[in-house]
Amino acid sequence: MTERGIDGLAAARLWAATRFPYLASGVFGAAVIPSPGSATVSVDESWRMRADPELTADWTAAQLGSVLIHHVCHLLRSHGERAQAVTTGPEEARAWVRAADAEINDDLVPAGLDLPGQPILPRHLGAEDGLLAEQYFEHVRVREASGRRSGSWLDCGSGADGVPRPGEGPGGLPGWQADLLKRQVAQDVLSYARQAGTVPAGLLRWAEQTLNPKVDWRRLLAAELRRAVAQVAGAVDYSYRRPSRRSAVAGDVVLPALRRPVPEVAVVCDTSGSMNDDLLAMVLAEVEGLLRALGLARQVRVLACDTAVAPAQRVTSARQVQLIGGGGTDMGAGIAAAVALRPRPAVTVVLTDGYTPWPAQAPKGTRVVVGLLGAQAPDAPGWARAVRVDPELPGDGVR
Amino acid sequence: MPPRQSNPAAEALGVAVAARVPVLLWGAPGTGKTSAIRAMAAAMGLPCETVIASIREPSDFAGLPIVVGGEVRFAPPAWARRLAEAGHGLLFLDELSTAPPAVQAALLRVVLERAVGDLTLPDEVAVVAAANPPEQAADGWDLSAPLANRLCHLTWHTDPRAVADGLAGGWAAPVVPALPDGWQAEELLSRGLVAAFLHVRPALACAPPTDAAAAGQGWPSPRTWEMAARLMAAAGAAGSGDEARSALIRGAVGEGAGVEFLAWLVEMDLPDPEEVLADPASFRLPERGDRAYAALAAIAAAVAGNPTEERWTAGWRVLGRSADAAPDVAAVAARVLARCRPDGAALPAEIHLFAPVLRDAGLLQA
């Protein structure tokens, strides 16, 4: 195929596919192109690797195979794309690559990755194992701000830092095929884990997240709130209270006009002993921001509730909410108190950890959106729209 | 740089318009969706009627009721008349996601059946919509699931380089895909593919979204699968790139179902292991490494599942034919075969082909 191939490439791939069978599709899916004089092995986002035959000639099959695995992991974990979200400029891109290396190496080196040189591990960055590259990146930045270098490794290429290199023209694997290949590897990882059970935990997490991406709870909460408000408010209803502006052309027919009632919103906060205050404050702030975006900030009343209900507080900011209470919980009492408010809220948002009795039926005259705080929260009743708020889940920039 | 349509979304948009499948562009405000659609209409020679959905009332789409001789008629607005008289054209519904739910409900018939009040627009009218993601439009509503299900959703990305080029040297004219006459014949084939896929994954035939965030996107239903088949045939006939084809399919039936269908199509291309074992000489190794691996691994697994002497020898012959082009891939499969040697089977000659690479990889400890 090429004039001078890379010696030992076949053996290196074979080593990689045997040692890490669950990554075999990825290893064989990447094209390896000889690139004399580059003095490194790099990868671009179209699954092309460029290797300097001079450099790799000294490596054992295991070492070259490990570098291939390492680069495939850069691609699987979308390091190039993620780099663009957090880095500015080439200096930061270099710091990012160290963080990205740590994310790969932290569980693959213990699993038998045999990289040449000194691979970067989380402890070199002063961090513990099992974090995301974004978190390692913070560690690298802190260290570099104090003038400490944290190891060095060859240029991993644009597949690791998102900075395009000269000579990376079109070609390679198109984006959608790369996506399919990633899913294939993720499926291989999961099925291997089911049969043999020895897949590094970080890689397993990646595979699960790739095949069943969890949606950010902020998006879900926003969509549920918008939907609840839209169904009540909006221009949903015609009203004859005011005639249509088109009555002039309609002769004797009285046309209705569109009316947009402004819905009232009540937020019922669970303040029982089992609640996590920080999480509650975070979600409350989120709810407030969403309502503000919908133009409803003034219509919000907040009720603190355990078994009894504190009087409603009309608030303009989440910081003003006083959470009083503790002890047992009954959200039914909170919802009943919300419905009793005048004017009656059209939308009731309940923020709870789920350890509460619920009314058997939906309350009349209000739509209920439940925010379930914490990954372990029991389910909400079927009549309410529920959103699970899991603080462990990715917020910004992490996928 | 080759003069290729660099934006797969624009290419996909052209195919959808040419196939007359209702399409919706999602993108941030100010990214040129509107101008791209107008330029597309101009390039195709279609009169373009722009209707901003968010400032309209339901009666603009459902028809304004007027009393004529004791009965109520639903009079269509002037833009609908103009399109009907022209006989063809492009109806562009802008700002779809800021249209209040009642207007969205009125749009249901317009989008799918092209009915505006008592008037039905000609089949040659293409419907295109544009919307900002609800997170980006302050007063945005999520699209209702029935409306979302009538459209092919395309995501409009902006390429910074294309913006720079366009600002400096003028915007590139859109490339209009040409559908040859009789392209609909290909639809039968793509429908067959979709049908075969749905036999394997019946759960995906109709899967309405369960959470509110997903409701505004495409989701699989018999209607959208039909749409996907039509778009697939059109993309094939127009000779558009794989990326545009994949965007159209995912846009019609939603991301999850679309990706599964695409993955299934790729797998369909792999040779059937049993056929290969029956006739090893017919085997052709796929060019891409991961596909070659998938093909050989499937063949090795088929032999391991039922290791008769005949199948085992046939498996080795296949590997022997592949050893030259992809010694590493074939060696992985060879290790599987070596472990399931049937009693009394003679060692095949091909086994020696793999000794060097296995030794180099440190896998042959004598």
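Computed from a prediction, not measured in an experiment: that's the story for all the values here.

Novice: An account of the overall build of chain A is needed here, citing residue identities and associated values.
Specialist: When you go through chain A residue by residue, the secondary structure sums to 13 helices and 11 strands. Within chain A, buried positions represent 54% of all 399 residues. Within chain A, contacts between residues at least 6 apart in sequence are counted, and of these 62% link residues at least 24 apart. Of the roughly 17,900 Å² of accessible surface on chain A, a fraction of 51% belongs to carbon and sulfur atoms.

Novice: Describe the interface of chain B and chain A, with residues and values.
Specialist: Contact with chain B, which involves 46 residues of that partner, is made by 43 residues of chain A. Where chain B abuts chain A, roughly 3,800 Å² becomes buried across the two surfaces, and 65% of that area is made up of carbon and sulfur atoms. Where chain B packs against chain A, one counts 1 salt bridge. Its salt-bridge partner being aspartate 328 of chain B, residue arginine 13 of chain A comes within 3.4 Å of it at the nearest N-O pair. Considered class by class, the residues forming the side of chain B that touches chain A number 27 nonpolar, 5 polar and 14 charged.

Novice: Explain the packing of helix H1 (residues 9–19) of chain A against helix H4 (residues 61–76) of chain A residue by residue, including any values.
Specialist: Residues and elements named next belong to chain A. It is at 7 Å that the axes of H1 and H4 come closest, and there the two elements cross at 65°. Classified by the angle their axes make, H1 and H4 are roughly perpendicular. Handedness of the H1/H4 crossing: right-handed. For the pair H1 and H4, the contacting residues are Leu9, Ala11, Ala12, Arg13, Trp15 and Ala16 in the first and Ala61, Ala62, Leu64, Gly65, Ser66, Leu68 and Ile69 in the second. Split into classes, the residues belonging to the contact of H1 with H4 amount to 10 nonpolar, 2 polar and 1 charged.

Novice: Tell me about the sheet that holds strand E6 (residues 265–270) of chain A, residues and numbers included.
Specialist: Residue and element names in this part refer to chain A. Taking strand neighbours across the sheet as the criterion, the 6 strands line up as E8-E7-E6-E9-E10-E11 in an open arrangement whose pairing is mixed. In this open sheet, the two edge strands, each paired with only one partner strand, are strand E8 (313–314) and strand E11 (385–389). One ladder, built from 2 bridges, connects strand E7 (residues 300–305) with E8; its direction is antiparallel. Across the sheet, the residue bridging to valine 302 is glutamine 313, located in E8. Of the strands in this sheet, E6, E7, strand E9 (347–352), strand E10 (367–373) and E11 touch helix H12 (residues 277–293), which is tilted by about 175° from E6.

Novice: Could you give an account of the sheet that holds strand E3 (residues 48–51) of chain A, naming the residues involved and the relevant values?
Specialist: Residue and element names in this part refer to chain A. In spatial order, the strands read E1-E3-E2; together these 3 strands make up an open sheet with mixed pairing. Each end of this open sheet is capped by a strand with a single partner; those strands are strand E1 (31–34) and strand E2 (41–43). Between one strand axis and the next, the sheet turns by 25° as a mean value, whatever way the strands run. When E1 meets E3, the two strands line up parallel, connected through 4 bridges. For valine 32, the partnering residue across the bridge sits in E3 and is methionine 49.

Novice: Requested: an account of the state of the cysteines, with residues and values cited.
Specialist: Residue and element names in this part refer to chain A. Tallied over the entire structure, the rule returns 0 disulfides over all chains. Not engaged in a disulfide, the cysteine cysteine 73 finds its nearest cysteine sulfur in cysteine 156; these two sulfurs lie 11 Å apart. Classification of cysteine 73 as buried rests on a relative accessible area of 1%.

Novice: Before we move on, can you summarise the nonpolar core with the specific residues and values?
Specialist: Ranked by internal contacts, the top residues of the largest apolar core, which has 79 residues, are Phe20, Leu23, Trp47 and Ile69 of chain A together with Leu296, Leu319 and Phe354 of chain B. Counting residues per element, this core draws most heavily on H4 of chain A, at 10 residues. Leave out the neighbours within four places in its chain, and phenylalanine 354 of chain B touches Trp316, Leu319, Ala323, Pro327, Ala330, Ala331 and Ala334 of chain B.

Novice: Which residues make up the pairing of strand E4 (residues 71–75) of chain B, and what values do they have?
Specialist: Residues and elements named next belong to chain B. Pairing geometry for strand E3 (residues 64–68) and E4, over 5 bridges, is antiparallel. When the bridges of E4 are listed, valine 67 appears paired with valine 72. Counted along the chain from E3 to the antiparallel partner E4, the turn is 2 residues long, and its residue glycine 69 has a positive phi close to 55°.

Novice: Which residues make up the environment of valine 336 of chain B, and what are the values?
Specialist: Residue placement: valine 336 of chain B occurs in helix H16 (residues 327–339). Not counting residues up to four positions away in its chain, the partners in contact with valine 336 of chain B are Ala300 and Ala304 of chain B.

Novice: Kindly report on the side chain of aspartate 328 of chain B, identifying the contributing residues and their values.
Specialist: Mapped onto the elements, aspartate 328 of chain B comes out in helix H16. Judged by its relative accessible area of 4%, aspartate 328 of chain B is buried. A polar contact of 3.4 Å, which involves the side chain of aspartate 328 of chain B, links it to the side chain of arginine 13 of chain A. With residues up to four places along the chain from it excluded, the contact list for aspartate 328 of chain B reads Ala10, Arg13, Leu14 and Phe28 of chain A.

Novice: How would you sum up the packing of aromatic side chains? Please name residues and give values.
Specialist: Tallied over the entire structure, the rule returns 14 aromatic pairs over all chains. With centroids separated by 6.0 Å and ring planes inclined at 55°, the aromatic side chains of phenylalanine 61 of chain B and tryptophan 79 of chain B adopt a geometry described as tilted. On the criterion of sequence distance, the pair formed by phenylalanine 61 of chain B in helix H3 (residues 58–62) and tryptophan 79 of chain B in helix H4 (residues 78–86) is long-range, its members being 18 residues apart. Of the two residues, phenylalanine 61 of chain B and tryptophan 79 of chain B, neither departs from the other in class, the shared state being buried. Judged by centre distance (6.2 Å) and plane angle (45°), the rings of tryptophan 316 of chain B and phenylalanine 354 of chain B are tilted. Remark: phenylalanine 354 of chain B occurs in the loop between H16 and helix H17 (355–360) and tryptophan 316 of chain B occurs in helix H15 (residues 309–322); sequence separation between them is 38 residues. Joined through ring pairs, the aromatic side chains of Trp15, Phe20, Tyr22 and Tyr192 of chain A make up one cluster.

Conventions and cut-offs
Residues numbered from 1 in each chain as written. Chains lettered and ligands numbered in written order. Predicted model: local features only at pLDDT ≥ 70, side-chain atom pairs only at ≥ 80, totals over all residues. Heavy atoms only, no water. Helix = DSSP H or I, 4+ residues; strand = E, 2+ residues; numbered from the N terminus. Buried < 20%, exposed > 50% of the residue type's maximum accessible area, 1.4 Å probe, protein only. Contact = heavy atoms within 4.5 Å. Areas by Shrake-Rupley, 256 points an atom, 1.4 Å probe, with all protein chains shown as cover. Buried area = accessible area lost by both parts, 1.4 Å probe. Salt bridge = Lys/Arg side-chain N within 4 Å of Asp/Glu carboxyl O. Nonpolar A, V, L, I, M, F, W, Y, C, P; charged D, E, K, R; others polar. Axes fitted to C-alpha atoms, helices over the stretch in contact; angles between N-to-C directions. Parallel < 35°, antiparallel > 145°, perpendicular 65-115°, else oblique. Left-handed = near helix turned anticlockwise from the far one by under 90°. Pairing = 2+ DSSP bridges. Disulfide = S-S within 2.5 Å. Core = buried A, V, L, I, M, F, W, Y, C linked by side-chain atoms within 4.5 Å. Polar contact = N/O pair within 3.5 Å; in protein donor to acceptor, adjacent residues only side chain to side chain. Phe/Tyr/Trp six-rings, centres within 6.5 Å; stacked < 30°, edge-to-face > 60°.

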